[in-house]
There are 2 protein chains.
Amino acid sequence: MAGRITLLSGGVGGAKLALGLYTVSAPEELTVIANGGDDLELFNLRICPDSDILAYTLAGQVNEPGGWGIRDDSFHALERVRQLGGTGWFNLGDTDLGLHLFRSELLRQGVGLAEVTRRIAEKLGLKCRLLPMCEQPVSTRLATEEGQLQLQEYLVKRRAEPVLHSVHFDGIEQATPAPGVPEALAEAAMIVIAPSNPLISIAPILAVPDMRRMIREARGLKVAVSPIVGGKSLKGPSDKMLAELGYAVSPVTVAELYRDFLDVFVVDEQDAACMEEVEGMGLRCVAAPTVMKDLACKQALAAALLALL
Amino acid sequence: MAGRITLLSGGVGGAKLALGLYTVSAPEELTVIANGGDDLELFNLRICPDSDILAYTLAGQVNEPGGWGIRDDSFHALERVRQLGGTGWFNLGDTDLGLHLFRSELLRQGVGLAEVTRRIAEKLGLKCRLLPMCEQPVSTRLATEEGQLQLQEYLVKRRAEPVLHSVHFDGIEQATPAPGVPEALAEAAMIVIAPSNPLISIAPILAVPDMRRMIREARGLKVAVSPIVGGKSLKGPSDKMLAELGYAVSPVTVAELYRDFLDVFVVDEQDAACMEEVEGMGLRCVAAPTVMKDLACKQALAAALLALL
């Protein structure tokens, strides 16, 4: 028994590690805190992409190879929306949509997002805890050469093409860690930062007031896995976004972003050359195979993390 | 050319006559004003059952024999809602849901319901005009032996079983006829009241402030078709509801409800015995085959109405 593990995660990339931890450790001991910065309101529904990707992945329902949405889902509702001339750029399958209907109705009834997420996880059969980072709506807004874009507009509609100037988390000042988050951080034997995009997947979680302090003061080991491998991001536009904001596209940059609370930084084996620089920051640095191309890889990385305890 | 026809209609029953008029007259001359009293908010979406039944029927997409929803629609979203423990009693197919998503998004953006309905009708290829009775939300609420029920709860969830005490239209005082409605009434050569439930399908339309006066003052011939045939309602619980509210279940009762503005009342041929009593109210009464069991019957009734001009 490794003790409690709390994972801070974005969507597809983080969900791979979540599944590794879920399947090699006791899932009852695992808590996943999902980024809520890419939540959006569409069709008057509250959509929580990262939380849902995590839930679908851990429930074994996620569509592969994309890593989002429900496997073999139909798209009849969205086809009708498109036919009528409505917003068609955000892909919503019909079964997936059912979850958004359920969540939106409960939120409207005044049920908190943490409780809604708990019910979803329970009904999907998850044995771990899945928590939103906060219950208040927070919206990641990107200032780009094409003007302000909501995160999903930037990622999905504009395919992360516009040059990025800055990142803002609208509503973050009013946010508070969701019920369950303080306990999950305080009780964890290990707090893991998933190899998710540091700017738009992990930064919103850390930007929730009190979150960063709670992580720093938690008694558990704080470990982060680099999302930058061999000079580029394994998944998504982390590399492009870091470069456009003036950062070096390197694991060292990511370690720097978490330096104030981190104990151990995990780089991929091909980035062993970075280890000395990370250690120079006063962090412990470990090399491991971090490319999670199949379940065995996910489990191997998870096992390597658990071995740190 | 018969001139403009304006039909006031509820859902399934009225849509049969709407289709008859649509296919025997010039559809460009037809305006259908849909009851909005059974609109509901579900899953944070605005659902307009009667307007949608009319649109689907006239577009040739309606599911038969029920007469509501989309033919061959899937129900994946609702299955997921039910699996998660959400509201599952209101049947929403996936393609149908796409229309509710589209409408809800536009309403949230501040587009009026009449314009939203116009766009839906246009994209579904309707050649006639389809109008909501008003743009403000109105909700038919039934006081029953089981307490207050929203109309769809009563009809769908409770299958119209509870004994009815009274009918209320919440929000009706703030309602105004939707854009296009005054013109459609003023310009009509004939205003037709469909053989829809007089208490919950036609009464809400007539209860919109100014509506009844505008119909009364319109220059066109005002004609209503009895929904009561042979002592019972052909479709739905009109008969039961009339009886529980203390009315005689008879075409005469329906004629009485519309007497203040009506010129011609159409009863089924099997109710010829009622004609004298209706004529005694000062109305012209006509017998016609009103049971619309197939398209030919719908067209025959429509033709009989047009012949009144």
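Model, not experiment: these values are computed from the prediction. (Residues numbered from 1 in each chain as written. Chains lettered and ligands numbered in written order. Predicted model: local features only at pLDDT ≥ 70, side-chain atom pairs only at ≥ 80, totals over all residues. Heavy atoms only, no water.)

A. Molecular detail of the interface of chain A and chain B. At the junction of the two partners, chain A supplies 31 residues and chain B supplies 31 residues. Taking both partners together, chain A and chain B bury about 2900 Å²; carbon and sulfur atoms supply 59% of that area. On the chain A side of the contact with chain B, A:N44, A:R80 and A:L84 bury the most area, a combined 25% of that side's loss. The tally of links between chain A and chain B comes to 2 salt bridges. Taking the shortest distance from any N to any O, the salt bridge between B:R108 and A:E41 comes out at 3.8 Å. Applying the counting rule to chain A against chain B returns 9 residue pairs in polar contact (both at pLDDT 80 or more). If you list the elements that add at least two residues to the side of chain A that touches chain B, you get β3 (40–42), α3 (76–84), α4 (94–108) and α5 (113–123) of chain A. Broken down by element, the residue count for the side of chain A that touches chain B peaks at 10 residues, all from α4(A). Residues that form the side of chain A that touches chain B fall into these classes: 14 nonpolar, 11 polar and 6 charged. (Contact = heavy atoms within 4.5 Å. Buried area = accessible area lost by both parts, 1.4 Å probe. Salt bridge = Lys/Arg side-chain N within 4 Å of Asp/Glu carboxyl O. Polar contact = N/O pair within 3.5 Å; in protein donor to acceptor, adjacent residues only side chain to side chain. Helix = DSSP H or I, 4+ residues; strand = E, 2+ residues; numbered from the N terminus. Nonpolar A, V, L, I, M, F, W, Y, C, P; charged D, E, K, R; others polar.)

B. The relation of the copies chain A and chain B, seen in detail. With an axial shift of 0.0 Å and an RMSD of 0.0 Å, the rotation relating chain A to chain B amounts to 180°. Such a turn and shift between the copies fits a two-fold axis. Mapped onto chain B, 100% of the interface residues of chain A again fall at the interface, so both copies present the same surface. (Least-squares fit on C-alpha atoms with pLDDT ≥ 70 in both.)

C. Layout of the confidence of the model for chain A. On average, residues of chain A score 96 in pLDDT, and 99% of them are at 70 or above. Interface confidence for the predicted complex, given as ipTM, is 0.93, next to a pTM of 0.94. (pLDDT = per-residue confidence, 0-100.)

D. Broad picture of helix α2 (residues 49–58) of chain A. Residues and elements named next belong to chain A. Of all the 10 residues making up α2, 10 are buried; the element is thus mostly covered by neighbouring parts of the structure. Within α2, burial applies to P49, D50, S51, D52, I53, L54, A55, Y56, T57 and L58. Looking one or two residues beyond α2, the residue adopting positive phi is G60, at roughly 75°. (Buried < 20%, exposed > 50% of the residue type's maximum accessible area, 1.4 Å probe, protein only.)

E. Geometry of the sheet that holds strand β14 (residues 284–288) of chain B. All names here are of chain B. Across the sheet, 7 strands lie side by side as β5-β2-β1-β9-β10-β13-β14; this open sheet has parallel pairing. Either end of the sheet is taken by a strand with one partner, and the two such strands are β5 (129–132) and β14. The sheet shows a mean angle of 20° between the axes of neighbouring strands, taken without regard to direction. In this sheet, strand β10 (residues 221–225) lies alongside strand β9 (residues 190–193) in parallel orientation, the contact comprising 4 bridges. Bridging from a neighbouring strand, V192 pairs with V223 of β10. Along the sheet, helix α2 (residues 49–58) contacts β1 (5–9), β2 (30–34) and β5; its crossing angle with β2, the most-contacted strand, is approximately 150°. Strands in contact with helix α8 (residues 198–207) are β1, β2 and β9; relative to β1, the strand with the most contacts, it is inclined by about 115°. (Pairing = 2+ DSSP bridges. Axes fitted to C-alpha atoms, helices over the stretch in contact; angles between N-to-C directions.)

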